[in-house]
Amino acid sequence: METFGDPAVWLPWTFAALMGLSILIYVILDGFDLGVGLLMPLADDAEKDLLVASIGPFWDANETWLVLAIGLLLVAFPPAHGIILTALYFPVFVMLVGLILRGVSFEFRAKAPIAQKPRWNLAFFLGSLLAAMSQGFMLGMYVMGLTWTVSHVAFALLTAVFLTVGYSFIGAAWLIAKTGGDLQARAVGWARGGIWGLIFGIGGISLATPFVSPRIFDKWFSLPEFFYLSPMPLLSLALVGYLWWQIRHLPRPDDRRAWGPFAAAMALFTLAFGGMAYSFYPYVVPEQITIYDAAAAPESLSIILIGTLFVLPAILGYTALSYYIFRGKATELRYD
Amino acid sequence: MAPDDQIFGNYLIVSKARVGLQTQSEGEPLDTLILSRIQFGANISFHILFPTITIALGWALLFFRLRFNATGERKWMDVYVFWVKIFALSFAMGVVSGITMSFQFGTNWPGFMETVGNVAGPLLAYEVMTAFFLEAVFLGIMLFGASRVKPWVHTLATFLVAFGTTMSAFWILVLNSWMHTPQGYELRDGIVHATDWFAIIFNPSMPYRLVHMLLASGLTVAFLVAGISALRLLWGDRAESVKTTLRFGIITGAALIPLQILAGDFHGLNTLEHQPAKVAAMEGNWETGPNIPLLLFAVPDGDARQNNFEIGVPSGASIILKHKPSGVVPGLNDFVAEDGTALHPPVAPVFYSFRIMVGTGMAMLVLSWGGLYLLRRYGAGDMPTVPLVGFAAMSFSGWIATLAGWYTTEIGRQPWLVQGVLSTKDAVSDVPAGMVMGTLIGYLAIYAALTIAYISVITYLARKASRGEPLSTRRYPRSGEAEVAVIPGE
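None of the values given here were measured: they were computed from a predicted structure. (Residues numbered from 1 in each chain as written. Chains lettered and ligands numbered in written order. Predicted model: local features only at pLDDT ≥ 70, side-chain atom pairs only at ≥ 80, totals over all residues. Heavy atoms only, no water.)

The relative placement of two packed helices comes down to the angle between their axes together with the axis-to-axis distance. Residue and element names in this part refer to chain A. Contact geometry of helix 3 (residues 59–76) with helix 14 (residues 298–325) gives a least axis separation of 13 Å together with a crossing angle of 170°. In terms of orientation, helix 3 and helix 14 fall into the roughly antiparallel class. Two secondary-structure elements touch here, helix 3 through Asn 62, Trp 65, Leu 68, Val 75 and Ala 76 and helix 14 through Leu 301, Ile 304, Leu 312, Ile 315, Leu 316 and Tyr 323. Here the residues of the contact of helix 3 with helix 14 sort into 10 nonpolar, one polar and no charged. (Axes fitted to C-alpha atoms, helices over the stretch in contact; angles between N-to-C directions. Helix = DSSP H or I, 4+ residues; strand = E, 2+ residues; numbered from the N terminus. Parallel < 35°, antiparallel > 145°, perpendicular 65-115°, else oblique. Contact = heavy atoms within 4.5 Å. Nonpolar A, V, L, I, M, F, W, Y, C, P; charged D, E, K, R; others polar.)

See below:
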């Protein structure tokens with residue numbers, strides 16, 4: 001291990017990177033299925049079944065990335081885990097209630113007596129809404145350094161709304177790719193509304209983050225870093241422009257470029273996430289605790305890392321297999 | 001071992017100050033502590049109901065699938081399609097309540113990971129990586145992929161889901177057992193550091209606890225399958241698949257219950273060796289000595305430190321625990337600090353929970369062996385009404401036994417969170433009690449509503465199936481046969 005330098009340096013770095021990757025994958029994957037849940041009230045009864053069918057085989061595995069992300073925070077940075085989660089005690093509770101409602105509604109809406117179906121559809125929507133709102137709220141609070149002041153809470157409430165609308169966009173982008181006909185055309189319409197969430201959400205956080213601390217400001221606006229980093233915001237703008245143009249012209253004949261909005265939305269989420277990671281590095285609790293201070297013992301991290309190197313490629317592999325098996329336009333879910 | 005600690009027999013009595021019991025009477029921390037314990041207890045009680053079903057039901061589904069592959073009999077696929085729905089429902093309930101728990105480590109028990117994170121962390125990480133993803137991804141294929149993949153891939157997906165749930169149980173029980181019988185670690189500056197992973201994983205109570213839990217899952221599913229099948233027979237459902245599952249449930253239950261009684265006995269002896277205070281509480285025995293009776297019933301009084309009412313079998317506890325009437329059984333009074341502070345768990349909950357577990361197990365023994373006799377005499381289709389009602393009533397008996405067993409062992413570990421290493425009190429967060437109370441009420445309301453919804457939907461599915469609505473209109477290819485169904489989306 002000596003060849004890699006000091007394990008107390010590269011191990012925390014590696015785990016921060018793994019955790020970041022898990023959070024990013026979670027935000028994209030559960031982002032789209034939470035987004036589909038948010039769109040439920042806009043769909044009619046037959047469409048609702050198709051909405052659920054488009055995410056049915058995937059949602060459970062998507063949510064597992066959240067467990068991995070929180071698990072990595074827990075195992076690699078135990079003190080940070082405690083500080084962050086106790087600071088966010090109430091929004092975490094709201095998110096969990098949302099995830100519980102949503103997860104069980106998937107099953108109950110299909111299995112309970114038909115008369116109860118509207119109730120479980122509502123629970124499915126409300127669960128998605130609570131989960132998305134609380135995640136946006138926590139994102140805002142995290143950016144603001146996890147302190148509960150009126151202005152921070154106000155900012156977090158704004159990010160809660162924007163992330164929720166942003167999720168509905170990526171949800172609509174998923175539906176554009178996975179459905180056809182009238183529903184696809186309506187999903188394009190939903191995406192036209194949802195794109196504002198992306199614009200205001202990513203824009204707002206990008207503008208606010210540098211002013212949270214002089215350290216972050218200097219990371220972005222000192223020379224020559226400013227020039228090296230400029231492709232990031234420029235590429236983001238280009239992606240927003242592409243999305244804007246796409247959703248004016250979809251759906252096209254032969255279903256061409258139906259995957260375009262989803263792919264561009266993934267790229268945009270990735271860029272925005274990369275920007276945040278750059279801002280906050282090396283802190284895991286913003287401006288308080290670095291990943292190096294919070295890291296668990298090297299021998300414990302090593303034993304997790306060895307397993308991760310074998311298991312993570314396998315997870316990615318069979319996740320891809322599942323998306324391949326359920327490729328094509330969504331159809332009715334059947335157990336037989 | 002701190003200077004104030006003393007050795008008692010082969011058991012370490014840790015100084016009261018280190019356990020932190022003296023400060024328990026302060027106002028706010030106690031409230032947050034009690035409320036956090038109730039909250040985690042409620043959460044984990046709700047959670048364990050569903051893995052207890054999915055662990056064994058996954059293997060049962062694999063069995064049904066393999067029987068179909070081998071015989072091509074339609075009934076096996078009907079059985080599969082009915083029970084896979086209950087599996088899906090249980091799995092979703094388990095997932096969402098499990099996510100809740102992974103967050104509560106941080107929101108309510110930050111001291112747990114800060115102190116023992118170096119051991120607990122890797123074990124939990126391996127659970128997520130080797131079990132969660134496996135089950136979550138292949139669940140999609142198992143539930144909805146039957147028409148999209150070849151039969152052998154569907155069979156493989158069923159196997160991988162069953163394997164994943166069992167791996168998940170393995171890692172969790174490794175960690176839980178380590179909290180009861182920790183080894184393979186050293187303390188540096190009050191933080192646990194792993195020194196020997198083999199010793200940590202194969203800690204002394206792990207094999208017993210794992211076997212005990214897996215058998216509990218098997219019994220829970222056996223009685224659930226038998227109970228729901230009995231219910232359907234009572235409703236007049238004469239389908240071949242229902243008689244088959246009634247036989248399956250009764251035979252599985254009858255086969256597993258003696259094994260479980262044996263495993264439980266070994267587990268108890270293991271606990272006697274490593275956590276004698278817990279066994280003393282289970283037996284309701286206050287004074288160490290020979291010829292200790294096996295109490296069938298008693299009313300332990302923790303304040304007066306005595307039992308108010310006892311019905312017992314003379315020397316029974318001595319015979320069970322030491323295999324002779326003169327065997328010395330530890331008593332609770334040995335686990336008291338000089339100033340009278342109890343260093344043992346609260347007696348009444350452990351004592352009663354243990355009896356509920358054993359009592360339920362005995363009822364399972366009687367019913368399943370009686371059922372076995374009736375199966376031979378009448379066959380599954382002509383079973384008399386009374387035993388069918390009995391099985392239907394016992395549908396969720398596995399839940400009761402499992403919860404009672406977990407209460408016995410977990411309350412029995414108090415006041416420790418990690419035996420001898422970390423007290424429960426030292427791990428709790430400083431979140432205000434009012435906040436914990438608020439979220440506790442929220443969780444309890446949701447859990448109560450969902451448990452009712454779960455049981456009523458299972459009953460509804462059974463009733464719907466009893467009305468003879470076809471479970472499936474598809475023709476199933478057997479493993480090895482060519483796929484004939486039209487694959488949607490192609």
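Residues and elements named next belong to chain A. Under the UniProt annotation, "transmembrane region" (unreviewed entry) lies at residues 12–29, 83–101, 122–143, 155–177, 189–208, 228–247, 259–281 and 301–326. Across residues 12–29, the secondary structure splits into 100% helix and 0% strand, with the terminal C-alpha atoms separated by 25 Å. Taken end to end, residues 228–247 is 95% helix and 0% strand, and its first and last C-alpha atoms sit 31 Å apart. (UniProt positions renumbered as here; feature names shortened; annotations may be inferred.)

Below, the discussion takes up the confidence of the model for chain B. Residues and elements named next belong to chain B. Scored by pLDDT, chain B comes out at a mean of 83, with 89% of its residues at no less than 70. In the model of chain B, helix 1 (residues 16–19) stands out as the element of lowest mean pLDDT, 38, in contrast to helix 7 (residues 206–234), which has the highest, 94. Under the prediction, the complex receives an ipTM of 0.80, its pTM being 0.84. (pLDDT = per-residue confidence, 0-100.)

Now for the interface of chain B and chain A. If you look at the interface, chain B gives 74 residues, while chain A gives 62 residues. Across the chain B/chain A interface, buried area totals approximately 6100 Å², and carbon plus sulfur atoms make up 76% of it. In this structure, the connection of chain B to chain A is made through zero salt bridges. Linking chain B with chain A are 10 residue pairs in polar contact (both at pLDDT 80 or more). Elements represented by at least two residues in the side of chain B that touches chain A include exactly helix 3 (74–108), helix 4 (110–144), strand 4 (191–194) and helix 15 (433–466) of chain B. The leading source of residues in the side of chain B that touches chain A is helix 4 of chain B, at 23 residues. When the residues that make up the side of chain B that touches chain A are grouped by side-chain class, the tally is 49 nonpolar, 19 polar and six charged. (Buried area = accessible area lost by both parts, 1.4 Å probe. Salt bridge = Lys/Arg side-chain N within 4 Å of Asp/Glu carboxyl O. Polar contact = N/O pair within 3.5 Å; in protein donor to acceptor, adjacent residues only side chain to side chain.)

We now examine helix 6 (residues 117–143) of chain A. An ideal rise of 1.5 Å per residue puts 39 Å on 27 residues; helix 6 of chain A measures up with 39 Å between its terminal C-alpha atoms. Within two residues after helix 6 of chain A, Gly 145 of chain A carries a phi angle of roughly 85°, on the positive side. (Expected span 1.5 Å × (residues − 1).)

When pLDDT is averaged across chain A, the result is 86; 98% of the residues are at 70 or more. Per-element confidence in chain A is highest for helix 6 of chain A, whose mean pLDDT is 91, and lowest for helix 3 of chain A, whose mean pLDDT is 83.

All names here are of chain B. By the element assignment, His 344 lies in the loop between helix 10 (316–322) and helix 11 (347–378). Separated by 96 residues in the primary sequence, His 344 and Phe 248 have C-alpha atoms spaced 43 Å apart. Sequence-distant contacts of His 344, defined by excluding residues within four places in its chain, comprise Ala 277, Arg 305, Leu 332, Phe 335, Val 336, Gln 414 and Pro 415. In terms of polar contacts, His 344 uses its side chain to reach the side chain of Arg 305, at 3.0 Å.

With that out of the way, let us pick up the environment of Asp 196 of chain B. In this fold, Asp 196 of chain B is placed in the loop between strand 4 and helix 6 (197–201). On the basis of relative accessible area, Asp 196 of chain B is assigned to the partly exposed category, the value being 35%. (Buried < 20%, exposed > 50% of the residue type's maximum accessible area, 1.4 Å probe, protein only.)

Our focus in this paragraph is unusual backbone geometry. Residues and elements named next belong to chain A. Cis peptide bonds are those with omega within 30 degrees of zero, and the linkage from Leu 223 to Pro 224 qualifies with 5°. Here Pro 224 lies in the loop between helix 9 (214–221) and helix 10 (225–229). Residues Tyr 281 and Pro 282 are joined by a peptide bond in cis, for which omega reads 5°. The backbone of Leu 146 shows a phi angle near 65°, a positive value even though the residue is not glycine.

What follows concerns a nonpolar patch on the surface. All names here are of chain B. Residues Leu 296, Phe 297, Val 299, Phe 309, Ile 311, Val 313 and Tyr 352 make up a contiguous nonpolar surface patch of about 580 Å² in total accessible area. Going through the elements one at a time, strand 5 (294–301) and strand 6 (306–313) are the ones with two or more residues in the nonpolar patch. Inspection of the secondary structure puts Val 313 in strand 6. (Patch = residues over 30% accessible without salt bridge, like charges linked within 9 Å, V, L, I, M, F, W, Y side chains within 5 Å. Areas by Shrake-Rupley, 256 points an atom, 1.4 Å probe, with all protein chains shown as cover.)

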